[in-house]
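This is what each chain is made of:
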Amino acid sequence: MQKPFEWDSYSDQPYQLKEKAYKKRMRKKELSSLLQTLGITLFTLPFSLVMMPFIKRKKIDSRTFFSLGVDFQRYPQKTHQFIEELGVEHILLRIKLWEMDTLPELQKFLSYHKEKTVTLKILQDREHIENKDLLKKDFNTLFETLQDVVTYFEIGSTINRAKWGFFSVREYLAFFQVAYQLKKEKFPDIQLLGSGVIDFEFHFTAHTLFNFCKCHYDATAALLYVDRRGAPENTQLGFSLIDKIALLSTMVWLSPKSKQKLHITETNWPLSNTAPYAPTSEHECVSEKEYTNYMLRYYFLAFASQQVDSVSWHQLIASGYGLVDAREELRKREAFQAYKFMLQTFQKAQFLRLDIKRGYYILQILVDEQLIQIHWSLQSSTLKNENYFQAFDKLGHKLEDEFITIDGAPVYLFITQAAPKHINCI
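Basis of the calculations
Residues numbered from 1 in each chain as written. Predicted model: local features only at pLDDT ≥ 70, side-chain atom pairs only at ≥ 80, totals over all residues. Heavy atoms only, no water. Pairing = 2+ DSSP bridges. Helix = DSSP H or I, 4+ residues; strand = E, 2+ residues; numbered from the N terminus. Axes fitted to C-alpha atoms, helices over the stretch in contact; angles between N-to-C directions. Disulfide = S-S within 2.5 Å. Buried < 20%, exposed > 50% of the residue type's maximum accessible area, 1.4 Å probe, protein only. Contact = heavy atoms within 4.5 Å. Phe/Tyr/Trp six-rings, centres within 6.5 Å; stacked < 30°, edge-to-face > 60°.

For the rest of this paragraph, the subject is the sheet that holds strand β17 (residues 389-392). Strands sit in the order β13-β14-β15-β19-β17 across an open sheet of 5 strands; the sheet is antiparallel. Every interior strand has two partners, whereas the edge strands, β13 (350-357) and β17, have only one. Neighbour-to-neighbour, the strand axes of the sheet open up by a mean angle of 20 degrees, direction not taken into account. Where β13 meets strand β14 (residues 360-367), 7 bridges bridge the pair, whose relative direction is antiparallel. Paired with Lys357 across the bridge in β14 is Tyr360.

A complete count under the given rule lists 1 disulfide for this structure. Covalently, Cys213 is tied to Cys215 through a disulfide, its sulfur atoms 2.4 Å apart. Its torsion about the S-S bond being 135 degrees, the disulfide of Cys213 and Cys215 is classed as right-handed. Grouping residues by exposure puts Cys213 and Cys215 together as buried.

With that settled, the discussion passes to the sheet that holds strand β4 (residues 90-96). Whether parallel or antiparallel, the strands of a sheet pair through hydrogen bonds between backbone atoms. Overall, parallel pairing links the 8 strands, which are arranged β3-β4-β5-β6-β7-β8-β9-β10 in a closed barrel. Averaged over all pairs of adjacent strands, the angle between their axes in this sheet comes to 25 degrees, without regard to strand direction. In this sheet, strand β9 (residues 262-267) lies alongside strand β8 (residues 219-223) in parallel orientation, the contact comprising 3 bridges. Residue pairing across strands places Ala221 opposite His263, the latter belonging to β9. Relative to strand β6 (residues 152-155), helix α7 (residues 132-146) is tilted by about 165 degrees, and along the sheet it contacts β4, β5 (117-123), β6 and β7 (192-198). Strand contacts of helix α12 (residues 334-345): β3 (66-69) and β10 (310-313), with the helix running at about 150 degrees to β3, the strand carrying the most contacts.

So, on to the packing of aromatic side chains. Summed over all chains, the structure comprises 37 aromatic pairs. Relative to Phe167, the ring of Tyr22 has its centre 5.8 Å away and its plane inclined at 80 degrees; by these criteria the two rings are edge-to-face. On the criterion of sequence distance, the pair formed by Tyr22 in helix α1 (residues 20-29) and Phe167 in the loop between β6 and α8 (169-185) is long-range, its members being 145 residues apart. Using a relative accessible area of 2% as the deciding quantity, one classes Phe167 as buried. With 5.5 Å between their ring centres and 75 degrees between their planes, Phe139 and Phe175 make a pair best called edge-to-face. Of this pair, Phe139 sits in helix α7 while Phe175 sits in helix α8, and the two are 36 residues apart along the sequence.

Next comes the structure, spelled out in structure tokens:
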């Protein structure tokens, strides 16, 4: 990565661009594309909103729905152990185009996980965006080397943030087109994920999905963070997480540029008191307890949508936002055990329904003919511990008390016999 771009090794992302004159000059250069983004948005977003009620749910495979981001260079041996301990079947890794010399290291890491679904997120830099010959050479190397072990190649990331190198959707489409041409010419069996817009900025997504680029995505990728709004149920411009997924899925369904597949390839919440490792200011950070609760509820809501093929948590080991803290010795946060119990519970899960009433949520799934309900509430309430179910907290500990508190921490109910139509809360 070359100046004026710099990488922040603490939070695993580029620093903000400090050269404002350069940034302004590049934006001016791409003004026509930015105006095109506006025009496309004014047409496609209202139409997508109208079409939202008509989008059908898909049948989502729970075994690959739960994906976990891992760093192949950070404690590789412990990472292998943690992956197996969690039982996760889908992992996401990132490789930087300006560090192609790490490819043998990545290849060795992946040799331990040949049976898993693997997404490789290919991170861009300005040099590769501008030099298409270099870009083609390095894409070719990656595809040729990893085509047998990588399930999805995600082409580019965070395309609507200048610090990541792109200054317009036009630049991104030209970048993606290099990978797409290689797929057509030499690697017809690889699957390419495209779009790569971060946050609820679907005007950029609209441009990536509705354009005249001679390219096509095997699936759409989105970095759908909601951390700046607090809890996943909170709204932004009237849209909760469920609403954002519905709108995004509708846009993918309507697009001639993508198969009707959607992967959320990055999301998390930053943790309090972890600076400089947290990727945001302390204002957006949450406690470890809130982090665990929000993570579970994000997954439950996304799974209930039955419109998202996978959600990748970012990531396994990261001091400012991961399941494992690495500031001193490796320490598993409570979210690690919560993630593990969630995976165990949702193996071969079939979605049944999601009920929401006055901020009280009940997700129902069926696993090998076992009915399971997950309860949580935005306002604290109490549930009587009945003899027709077994209750477990978010970490998998059995709850024996006569009354169970239902609040922001999800509770799992394994129904052991015929239950009444309504489980009464106090």
